[in-house]
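So you can see what is in the structure, the chains are spelled out below.
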Amino acid sequence: MKRIIILFGIFYLMLFSGNPGFSQHKVRKVVIDAGHGGRDPGAVGKHHYEKDLALTIALRTGKYIEKYLPDVQVIYTRKDDRFIELHRRAQIANESKADLFISIHCNANNSSRIYGTETYVMGLHKTQANLEVAKLENAAILKEEDYADMYEGFNPNNDEDYITLSIFQNAFLDQSIELASKVEEQFSKRAGRKSRGVLQAGFWVLYKTAMPGILVETGYLSNPTEEKYLASEQGQVYLASAIYRAIKEYKLAIEADNGALEPKENISDMTEEEIPERKDVILFKVQISSSDKKMAPGTFQDVGKTEFYKQKNIYKYTVGSTTDINEAIRLQNKVRKNKKYKDAFVVAFLNGERISVNEARRMMGL
Ligand SMILES: [Zn+2]
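Computed from a prediction, not measured in an experiment: that's the story for all the values here.

**Q** Before we go on, may I ask you to explain the overall build of the protein in this structure?
**A** In terms of regular secondary structure, the protein is built from 13 helices and 11 strands. For the protein, buried positions account for 48% of its 366 residues. Partitioning the contacts of the protein with sequence separation of at least 6, the portion at a separation of at least 24 is 77%.

Right under this line is the structure:
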C-alpha cells in the first residue's frame, strides 16, 4: 500500500509540475486599469461620471498595494483624466509582463432599482444582462478614431461578435475566477455590499490581456443610493481596500501553493509527511470473460485466480490487479496465448469503479 501511495505521489507531482501557468505564477506586477477617461465618461449618474469614480477607486487600490505589498509593482493605465484606447490598455499590461490585470469600473442599468457589485472574467455571457454590461464597456472602442483597424473587425454592438470572442478561451480562466471570487467575497463580507457574483462576458481588455484578469463593477451609478456611496470617501476606501485584500489573499494563496510544490521534486528527498497524499487509486486488470450468469467457481482455473465485477447485470471476470499499466498489458498478452481468452483486454478502475483505460492514462499523466 505504501508503494501505491508513493507511486501516486509521483503522478501528483507530474500533474502539477507539467502546468507552468500554475507552478510559476507569482504576483510581482499588477496593472490597475481605471476604466474610461477623457472624452469617454463611461456610465453617467445623476451627479457623477464613471471615469472619475473609477479613477479614484483605482488610485486608492494601487496605493494600498504599494504600501502593504512592497514586493509588488503597480502599473497604472492612467493616473489622470485622459482617454486611453482599450487596445492600448491591454498592450500596457502585456508589454510590462504583468502578473495580474484589474480593470475598475462602475455599472449602469436602465432600471434604477438594480444595485450591487459584479466581477467579470472573460467568457461567454450567460444572460442578456451580462452581455449588455460588456457592450457598454466595449463601447469605448467607438470613441476611437480608427477603431476598425485595431480590433480584428470586432463590432462592440454586434451580439454575434461576442460569441466569436468567447471561443478563444482564456488560458488563465481558473486563476481569474479565483481572484474574482475573492473580490466579490471581500465586497460582500468585509465591505457589506450586495454581491451580484462572479460573471462572464466578452470584454475586449480581458480578451487581449495575457495574464489572469478581471473587470470589477464596483456598483451602479443608475441607483441613486449606490451612486452616493461610490462618490463618498468611505465608500471608496471600503471598495479599494476590498479589492486590495482580495489581491493580497490571491497572492498569498498562489505563492504558498508554489512553495509547497516547488522545492522538492524528487520523491526520495521527502519525508513521509511531505509525500502528497492522493486518495484516488487506479488499478488495471485483464478482463477475460463476461456472462449474464454467475459462473461456477473454478471455471477459469486455467488462468489462475479470477475476480468479477458487475455492470448492467453482466458478470465480468478479470485476472490480475496492478497499478502498472505495462504489467497489465504483459498479463493480457500472456492470457491471450490461451485461445479460450484470445479477446482478453485491459480494464481500468478508479477507486473500484470501472473507467476507460484512456481516462486512467490521462489521470496518471501517461
Ligand atoms: Zn466602465
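The structure having been displayed, the exposition proceeds.
**Q** Explain the pattern of salt bridges here, please?
**A** Side-chain pairs of opposite charge can arise where the charged atoms are in close proximity. Counted by the stated rule, this structure contains 21 salt bridges. Residues Arg362 and Glu359 are paired through a salt bridge, measuring 3.1 Å at the closest nitrogen-oxygen approach. With Arg362 and Glu359 both in helix H13 (residues 357-363) and 3 residues apart, the pair spans about one turn of that helix. Taking relative accessible area as the criterion, Arg362 reaches 54% and is therefore assigned exposed. With a relative accessible area of 32%, Glu359 lands in the partly exposed category. Salt bridges sharing partners connect three or more residues here, namely Arg28, Asp71, Lys251 and Glu255.

**Q** Looking at this structure, how should I read the coordination of the zinc ion?
**A** A four-donor tetrahedral metal ideally has 109.5 degree angles, and a six-donor octahedral metal ideally has angles of 90 or 180 degrees. Coordination sphere of the zinc ion, protein contribution only: His36 (NE2), Glu50 (OE), His105 (ND1), Glu137 (OE) and Glu137 (OE), at 1.9 to 2.5 Å. Every donor residue of the zinc ion comes from the same chain, spaced as H-x13-E-x54-H-x31-E. Linking His36 in the loop between strand E1 (29-34) and helix H3 (50-68) with His105 in strand E3 (residues 100-107), this pair joins segments that are 69 residues apart in sequence. Overall, the relative accessible area of 5% leaves His36 in the buried class.

Cut-offs used in this document
- Residues numbered from 1 in each chain as written.
- Predicted model: local features only at pLDDT ≥ 70, side-chain atom pairs only at ≥ 80, totals over all residues.
- Heavy atoms only, no water.
- Helix = DSSP H or I, 4+ residues; strand = E, 2+ residues; numbered from the N terminus.
- Buried < 20%, exposed > 50% of the residue type's maximum accessible area, 1.4 Å probe, protein only.
- Contact = heavy atoms within 4.5 Å.
- Salt bridge = Lys/Arg side-chain N within 4 Å of Asp/Glu carboxyl O.
- Donors = N, O, S within 2.8 Å, 3.2 Å for Na, K, Ca; no water.

So far we have only geometry, and geometry alone does not tell us how the molecule works.
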